[in-house]
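Structure at a glance
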Number of protein chains: 2
Amino acid sequence: MEKIKRFLLPEEELPRQWYNIQAEMPNKPLPPIHPQTRQPMTAEDLSVIFAKECARQELDQTHAWIDIPEEVRERYKYYRSTPLVRAYALEEALGTPAHIYFKNESVSPLGSHKLNSALPQCYYCKQEGVTNVTTETGAGQWGAALSYAAKAYGLECAVYQVKISMQQKPYRSSIMRTFGAAVTGSPSMSTRAGKDIITRDPNHPGSLGTAISEAIELATTTPNCKYTLGSVLNHVSLHQTIIGLEAEKQMEMAGEYPDTIIACFGGGSNFGGLAFPFMRHQLKSQELRAESQEASRKVIDFIAAEPSSCPKLTKGKFEYDFGDAAGYTPLLPMYTLGHDFKPANIHAGGLRYHGAGTIVSQLLKDGFMRGVDIPQTESFRAGILFAQTESIIPAPESCHAIAATIREALKCKETGEEKVILFNLSGHGLIDMTAYESFINGDLVDFEYNGK
Amino acid sequence: MEKIKRFLLPEEELPRQWYNIQAEMPNKPLPPIHPQTRQPMTAEDLSVIFAKECARQELDQTHAWIDIPEEVRERYKYYRSTPLVRAYALEEALGTPAHIYFKNESVSPLGSHKLNSALPQCYYCKQEGVTNVTTETGAGQWGAALSYAAKAYGLECAVYQVKISMQQKPYRSSIMRTFGAAVTGSPSMSTRAGKDIITRDPNHPGSLGTAISEAIELATTTPNCKYTLGSVLNHVSLHQTIIGLEAEKQMEMAGEYPDTIIACFGGGSNFGGLAFPFMRHQLKSQELRAESQEASRKVIDFIAAEPSSCPKLTKGKFEYDFGDAAGYTPLLPMYTLGHDFKPANIHAGGLRYHGAGTIVSQLLKDGFMRGVDIPQTESFRAGILFAQTESIIPAPESCHAIAATIREALKCKETGEEKVILFNLSGHGLIDMTAYESFINGDLVDFEYNGK
């Protein structure tokens, strides 16, 4: 019998709702706090910078399922469903009895999962009469996705890109410009926040924290302009659940159910996107589960793979902190390294962020998941093995998920267990070849965590 | 009713044979001629530089259908079927009544259709005990595909990349190195052919012609090493017919049949790959067609889109010529601009070739297809409109097919005809962002044809 490698859903099987895990968490995430008043923020407060519907979704702890607008589902059809792939060649190279599957979000035309949230965010802006959107971007995956989504819905788009990433990956700025976006390196002299940072530290390489400050400042000082975010926030993870909802149906097509689910971790949206739809079956207490059909399912081990040099899940503190460097955002309850933490210049730009989203932080605190930290060189070694076996050059961010997967698969080799491991290939690395070149030439180094 | 946008084949529907148009052409292609003896060459002669099975396929004018080896079909499953997509957003932007479809070969993990032939070529080498493969590459799409395919089948791989393309697209060399290949810029000092060219013209930017000479020299002077080619030859087009065979089934799923089929044209393999399976229904004479079921089908207009600055189909001569600059290859009967033609430095590196494959040349001579030539700036204007509507940034080569499609679609707007146009999106342009950046900045120019 021939081995089936890829599983795809027909268009009529595509999910019509996103899954809102907040509604079913045993302990709800704590609310965002206004930095001046120190009061919990309302959706109305949040809609000063975000689209109204995104602000509403952000605080929705009631509705477990939220309809995907038809216009967004139409745009999802440009690239969804993404394939679920059985990684036979990787398994063989590792000599593992584990069954390795990956959800291939790299086939998105912008190269990553980011488009899943860029489309609805721009759609809601358009619906609400907004004409301009702005954002931050690290490696550029989010900025590229937003630039295209803005063009698709007829919005103007301005992107602040982390300066070091802009230098490491110049093609991504060109991609954004091809879609008509204005791109500025952060920290820049175009905002007060940027000027303050440069004054304090003229050689600041930029970080997601600095770029967020600048984008928020632009949004609040420009008429009819909203800020959008590519990760961290609850509504972003919500949109990303399309990944896990598809994967759940596709695993059923494959006739298997995961023992382990792995994704790389920056702010938490690609992790949550894959994990939450599966996690919903194990949110109930042991007693409640025993009474329900969930009892028959395996309990999944959820693993978030973060860089060793930016380890908020494994070494951060759970506390209220700002989402950005300048302190413009609401205070969020999260695992954090401190909003003034300056991440090392690793190539996985999308993972250079000091904090974890509030949902994920609560889930980690409550023991529903765990973090592992991966050194940079281990991540690229894993990425190259993956490329040479499975043919796709992974994004440096995704390399962290692959490295964690390989660790688990090699444990199975020790124990002989035939575990089913599912990981998210969040994006491809074709724009990140400078990093691979550097690794191949032996120039890539590991960074120690340099925080408190 | 919802509009279906993408059509995909389930794995069990994937083609199990390639289509060999040679067997059904009314006038067979003339044979390759040995440059010294001036005698027609046999498969045995050709197998000095090519894998034996490729040499056999090259001259096979008997079998219309050739089995795809199971091991190759397994590897095709890594990315096939590729989607057939209805370009609703592009249609809307053009205001055309035409129905535009494209076959999206850009979803291949290496970014283009080239893998379709790299896999069988490396597979046959492996089967025949070959340990090393070598090749030329222009933009790097073929070199990247071959590097991965070689790794997949455990072969060593050496690539000569056109020097100007190497400078324009440095990431592609890194991609090849990530898959373990050795990459050298051509013309180089590592071969006699390269030295001769550099001696005559120290600033020669390289061309596919110079790189082919160097690769063939390496193959013939290295033990157990075979040369592989990414286009031009009959067996390459044969492997690429997987594109059109899938597309035919997918057009049936869409409930339509094309009036016009368009592909960009370098050596002819992506054009032939899409076109030949459809063309097989109209190879018979009018009289024979009238008697058969083919009579009920529309007669398709086949269009090959070439760059204005390298116009072998529209301005070349049909004659025996060498496939490379140094004159190492067999003499091939083809439309050619002369093997010493030095193509202008356009960004569509894959189209910078002086000649057309022998099958296509015969078909053009016999009136089964036509060529159109596209200026560089028109191609990028088309590419950007396509990106902004359909979300995929196309390869500079593919931009030529898009520009030709837009011309046809705008004719339909004039006449009101609801023609069905199908084109091949042969690859994405994510590694070609320098070209887009240059176009956006207004630095890109058109080149006149500077030949005889």
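Reading guide: rules and limits
Residues numbered from 1 in each chain as written. Chains lettered and ligands numbered in written order. Predicted model: local features only at pLDDT ≥ 70, side-chain atom pairs only at ≥ 80, totals over all residues. Heavy atoms only, no water. Domains from an automatic or database assignment. Contact = heavy atoms within 4.5 Å. Buried area = accessible area lost by both parts, 1.4 Å probe. Salt bridge = Lys/Arg side-chain N within 4 Å of Asp/Glu carboxyl O. Helix = DSSP H or I, 4+ residues; strand = E, 2+ residues; numbered from the N terminus. Polar contact = N/O pair within 3.5 Å; in protein donor to acceptor, adjacent residues only side chain to side chain. Nonpolar A, V, L, I, M, F, W, Y, C, P; charged D, E, K, R; others polar. Least-squares fit on C-alpha atoms with pLDDT ≥ 70 in both. Axes fitted to C-alpha atoms, helices over the stretch in contact; angles between N-to-C directions. Parallel < 35°, antiparallel > 145°, perpendicular 65-115°, else oblique. Left-handed = near helix turned anticlockwise from the far one by under 90°.

1. Regarding the domain arrangement of chain A
Residues and elements named next belong to chain A. With domains assigned, chain A is organised as domain 1 (6–13 + 80–111 + 235–440) and domain 2 (19–68 + 113–232). The C-alpha centroid of domain 2 is placed 22 Å from the C-alpha centroid of domain 1. Opposite the 62 residues of domain 1 that make contact, domain 2 presents 65 residues. Here domain 1 packs against domain 2, burying approximately 5,100 Å² in sum over the two surfaces, 63% of which is carbon and sulfur. The three residues of domain 1 that bury the most area against domain 2 are L110, H235 and I431, which together make up 15% of that side's buried surface. The tally of links from domain 1 across to domain 2 stands at three salt bridges. Note that R172 is salt-bridged to D432, the shortest N-O span being 3.6 Å.

2. A word on the pattern of salt bridges
Tallying each qualifying case throughout the model produces 44 salt bridges over all chains. We note a salt bridge from B:D373 to B:K315, for which the minimum N-O separation is 3.8 Å. Linking B:D373 in strand β14 (residues 370–374) with B:K315 in helix α14 (residues 312–315), this pair joins segments that are 58 residues apart in sequence. Salt bridges sharing partners connect three or more residues here, namely A:R80, A:K103, A:E105 and A:E246.

3. Things to note about the interface of chain A and chain B
Listed per partner, the contact involves 48 residues of chain A and 48 residues of chain B. Across the chain A/chain B interface, buried area totals approximately 4,300 Å², and carbon plus sulfur atoms make up 55% of it. The largest share of the area that chain A buries against chain B comes from A:Y78, A:Y171 and A:T178, three residues that together contribute 17% of it. On inspection of chain A and its partner chain B, the count reaches two salt bridges. The partner of B:R177 in a salt bridge is A:E437, and the shortest N-O contact between them spans 3.2 Å. At the boundary of chain A with chain B, the tally comes to 21 residue pairs in polar contact (both at pLDDT 80 or more). Contributing elements (two or more residues each) for the side of chain A that touches chain B: α3 (70–76), α6 (141–152), α8 (170–178), α16 (376–390) and α18 (433–440) of chain A. Among the residues forming the side of chain A that touches chain B, the class breakdown is 21 nonpolar, 10 polar and 17 charged.

4. Thoughts on the relation of the copies chain A and chain B
Take chain A, turn it by 180°, move it 0.0 Å along the axis, and it overlays chain B with an RMSD of 0.0 Å. Such a combination of rotation and displacement between the chain copies is what one expects of a two-fold axis. Closest approach to the rotation axis within chain A is made by the C-alpha atom of A:V107, at a distance of 3.1 Å. Both copies present the same face, since 100% of the interface residues in chain A are matched by interface residues at the equivalent positions in chain B.

5. A word on the packing of α8(A) against helix α18 (residues 433–440) of chain B
Contact pair α8(A) / α18(B): the axes reach a minimum separation of 9 Å and the direction vectors enclose 50°. Considering the angle they form, α8(A) stands oblique to α18(B). Note that α8(A) runs across α18(B); the crossing there is left-handed. Touching A:Y171, A:S174, A:I175, A:R177 and A:T178 of α8(A) are B:M433, B:T434, B:Y436, B:E437 and B:I440, all from α18(B).

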